[in-house]
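Examination of the molecular architecture
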Amino acid sequence: MNFDDLNTLRPDLAFIAHWVGEGAHVLDVGCGDGAMLRYLESGKRCSGYGIEIADDKVLESTARGVNVIQHDMEKGLGLFGDNTFDTVLCLNSLQMMQHVEALLRDIVRVGSEAIVSFPNFAHWPHRLALLKGRMPMSRSLPYKWYDTPNVRYATIYDFQELAVSCGLEVLECVALADGEVIKFLPNLRGSLAVFRLRKKAAPAL
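Keep in mind that this is a model prediction, so the values were computed, not measured.

A few words on the overall build of the protein. Helices and strands together make up the secondary structure of the protein, namely 8 helices and 8 strands. By the compact-globule yardstick of 17 Å for 205 residues, the protein fits well, its C-alpha radius of gyration being 17 Å. Summarising its shape, the C-alpha atoms of the protein cover approximately 50 × 45 × 30 Å along the three principal directions. Each of the 205 residues in the protein was classed as buried or not, and the buried ones make up 47%.

Next comes the structure, spelled out in structure tokens:
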């Protein structure tokens, strides 16, 4: 998998890949079909593991040659020690979790940095749908209300507030639409929020 392949398949992943350092040791939490980790291994000489619970996605990741562990993320990341990884990815998965705060704390525990993405519920088509009295459906929220795997909905501002309350430092935050960075009114015009995070350094004594 080269960069053009990844960009064609998932422009959002292609953008996020630039935030992962060359040769980094990576954990991809909710790795899906393994495309991101496969690119990082082949294109940026990274190493690491994917975590996925769905049988079909585990098989797809394995077929791509990705080291994948079948594991329920709701049970935490206790199988890894503190700062085991340079970067932990949680891309378009956190909103599917019941215990978001606990998992977020665990993600930054096992990694020096974390990259988290999720659908931005404040995107203008979502607001318009709610004004019409309907639950939103869009490219970033493609499910009907009764069959969606998403159990949490957040805006960019909501997640930023959560990150600060968890004692995390927001290194970068962008809103994307079709893989492009939205700089003007990002919370209104961006369909996907992407955060790069790390634990705040302990104050000097």
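This brings us to unusual backbone geometry. Positioned with a positive phi, Arg 45 is a non-glycine residue whose angle comes to about 55°. By secondary structure assignment, the location of Arg 45 is in the loop between helix H3 (35-43) and strand E2 (47-52). Its identity is not glycine, yet Leu 185 carries a phi of approximately 50°, on the positive side. With respect to the helices, strands and loops of the structure, Leu 185 is situated in the loop between strand E7 (180-182) and helix H8 (186-189).

Before going further, it helps to spend a moment on the packing of aromatic side chains. Scanning all chains against the criterion turns up 8 aromatic pairs. Aromatic pair Trp 145 and Tyr 146: ring centres 5.5 Å apart, planes at 90°, arrangement edge-to-face. Take Trp 145 and Tyr 146: they sit in the same class, and that class is exposed. Centre to centre, the rings of Phe 159 and Phe 195 are 4.7 Å apart; their planes meet at 55°, and the pair counts as tilted. Within this pair, whereas Phe 159 is found in helix H7 (residues 156-165), its partner Phe 195 is found in strand E8 (residues 192-199), the two being separated by 36 residues in sequence. On the basis of relative accessible area, Phe 195 is assigned to the buried category, the value being 0%. Put simply, the rings of Phe 118, Phe 159 and Phe 195 touch in pairs and so form one group of aromatic residues.

Mapped onto the elements, His 71 comes out in the loop between strand E3 (68-70) and strand E4 (85-91). Sequence-wise, His 71 and Val 58 are 13 residues apart; in three dimensions their C-alpha atoms are separated by 10.0 Å. Not counting chain neighbours up to four residues away, the residues in contact with His 71 comprise Ile 51, Glu 52, Ile 53, Gly 76 and Leu 79.

Disulfides are covalent bonds that connect the sulfur atoms of two cysteines. Scanning the model with the defined rule gives 0 disulfides in all. Left unpaired, Cys 46 is separated from the closest cysteine sulfur, that of Cys 31, by 15 Å. Cys 46 sits in the buried class, given a relative accessible area of 7%. Free cysteine: Cys 90, not disulfide-bonded; nearest cysteine sulfur from Cys 31 at 11 Å. The buried category is assigned to Cys 90, whose relative accessible area is 0%.

All buried positions along H3 are accounted for by Ala 35, Met 36, Leu 37, Tyr 39, Leu 40 and Glu 41. At its buried positions, H3 is contacted by helix H1 (3-9), helix H2 (11-17), strand E1 (25-29), E2 and E4. Note on H3: the residue one or two positions beyond its end, Arg 45, has a positive phi of about 55°.

Quick notes on the rules
- Residues numbered from 1 in each chain as written.
- Predicted model: local features only at pLDDT ≥ 70, side-chain atom pairs only at ≥ 80, totals over all residues.
- Heavy atoms only, no water.
- Helix = DSSP H or I, 4+ residues; strand = E, 2+ residues; numbered from the N terminus.
- Rg over C-alpha atoms; globule rule 2.2 N^0.38 Å.
- Buried < 20%, exposed > 50% of the residue type's maximum accessible area, 1.4 Å probe, protein only.
- Phe/Tyr/Trp six-rings, centres within 6.5 Å; stacked < 30°, edge-to-face > 60°.
- Contact = heavy atoms within 4.5 Å.
- Disulfide = S-S within 2.5 Å.

Scope: geometric values only; no functional claims are made or implied.
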